[in-house]
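# Tertiary structure, described
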Amino acid sequence: MSEIDQLDAEQIKEQICDIGRRLWQRQLVAGIDGNITVRLTENEVLCTPTLHSKGFLEPADICLVNLHGEQLAGQKRRSSEILLHLEILKARPDVRSVVHSHPPHATAFAVCGRRVPLGLLAEAEFFLGEVPIAPYELPGTATFARTVLPYVHRSNVCLLANHGAVTYGGSLIDAYNLMEVLDAYCRIVLLAERLGPAQSLTADQQAELSQLRVQSGVAPPKPYASDEITDDSI
Ligand SMILES: [Zn+2]
């Protein structure tokens, strides 16, 4: 049982506000960018409101929705990106929380359609693993929300082409930490390219880290047999 299972809805709302402030203070979001969700019960999800800075959230601003995206409670309107979060939560029963933001260094890779390279930094191999890029669709639409589905079982991190990034995990802290690590790693890669040449880890060193990632439970669980993964292009 994760630490967040111990918390009630009010405590989770406060934690969402705290993580929102951290996203804003670390410049992982700007303006009214980004959104956060936490699964509360089997069919209920707490989420951030639309048109609201993540740096200035109060617990009363947090909305409650069902898995269809219908608002159940909250004074403000739910995020327009709730469909993206719900697709991930429905596809991955082990996921408790989703964070979406536009972290500048990671988003630069998403804008250029450039794969985040592996094999350069031990921590990134262990915590991030593969970073897929979901194709562009108009944000806020059901079509956009479904763009992550081909990748959602093989990574807890996904870039969104010409848009930003989404991370998810067993708790809000896990999802947030992945967003921090993703942007920090992309920044290191960009700095290393200027300083270069970067010295890659060997194939054996990468395999060792990959094995440790699976053994430690950091890698996503294997998909259920009934799930289809249709895109093997990455
Ligand atoms: Zn966005």
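Just so it is clear, the structure is predicted and the values come from calculations on it, not from any experiment. In this convention, every chain numbers its residues from 1, walking through the sequence in written order. In keeping with the predicted nature of the model, local features appear solely for residues at pLDDT of at least 70, side-chain atom pairs appear and are counted solely at 80 or more, and the whole-chain, interface and lining totals rest on all residues. Heavy atoms throughout the structure, all of them, feed into the side-chain values; hydrogens and water do not.

## Notes on the nonpolar core
With 35 residues, the main nonpolar core has Ile16, Leu23, Leu128, Leu159 and Leu182 as its most contacted residues. Secondary structure follows DSSP: runs of H or I at least 4 residues long count as helices, runs of E at least 2 residues long count as strands, and numbering of each begins at the N terminus. Of all the secondary structure elements, the ones that give two or more residues to this core are helix H1 (9-25), strand E1 (35-41), helix H3 (104-112), strand E7 (157-160) and helix H6 (172-195). Examining the composition of this core, we find that nine residues originate from one element, H6, more than from any other. Two residues form a contact once any of their heavy atoms are found within 4.5 Å. What Leu128 contacts, discounting residues up to four positions off in sequence, is Glu123, Ser155, Val157, Leu178, Val181, Leu182, Tyr185 and Arg213. Buried Ala, Val, Leu, Ile, Met, Phe, Trp, Tyr and Cys residues form a nonpolar core when they are joined through side-chain atoms within 4.5 Å. In this scheme, a residue with accessible area under 20% of its type's maximum is buried, one over 50% is exposed, and one in between is partly exposed, where area comes from a 1.4 Å probe on protein chains only.

## Brief notes about the pairing of strand E3 (residues 63-66)
Note on strand geometry: in a regular strand, side chains alternate between the two faces of the sheet. Neither face of E3 is open: one carries Cys63 and Val65, the other Leu64 and Asn66, and all of them are buried. Note that strand E2 (residues 44-47) and E3 share four bridges and pair antiparallel. Bridge pairing in E3 places Val45 opposite Val65. Bridging between E3 and strand E4 (residues 71-73) involves two bridges; their strand directions are antiparallel. Along E4, the bridge assignment pairs Val65 with Gln71. DSSP calls a pair of strands paired once it identifies at least 2 bridges connecting them. The hairpin turn running from E3 into E4, its antiparallel successor, is four residues long, and Gly69 in that turn takes a positive phi close to 90 degrees.

## Description of the packing of aromatic side chains
When the centres of two rings from Phe, Tyr and Trp lie within 6.5 Å, Trp using its six-membered ring, the rings pair. Their planes under 30 degrees apart give stacked, over 60 give edge-to-face, and anything left gives tilted. Tallied over the entire structure, the rule returns two aromatic pairs. Consider the rings of Phe126 and Phe127, whose centres lie 4.9 Å apart with planes at 85 degrees: the pair is edge-to-face. Judged by relative accessible area, which is 40%, Phe127 ranks as partly exposed.

## A few points about the coordination of the zinc ion
All of the protein donors around the zinc ion are His100 (NE2), His102 (NE2) and His163 (NE2); their distances to the metal are 2.0 to 2.1 Å. Positions of the donor residues of the zinc ion along the chain correspond to the pattern H-x1-H-x60-H. Of the two residues, His100 is situated in strand E5 (residues 97-101) and His163 in the loop between E7 and strand E8 (164-169); the sequence distance between them amounts to 63 residues. Grouping residues by exposure puts His100 and His163 together as buried. Metal coordination here is assigned from N, O and S atoms located within 2.8 Å of the ion, or within 3.2 Å for Na, K and Ca; omission of water means that sites may look incomplete.

## Here's the deal with H3
Among all positions in H3, only Ala106, Thr107, Phe109 and Ala110 are buried. Projected down its long axis, H3 shows its buried positions confined to an angular sector of 150 degrees, all on one face. Check the buried side of H3 and you find it contacts E7, E8 and H6. Within two residues after H3, Gly113 carries a phi angle of roughly 65 degrees, on the positive side. As used here, the arc belongs to the directions running from the helix axis to the C-beta atoms.

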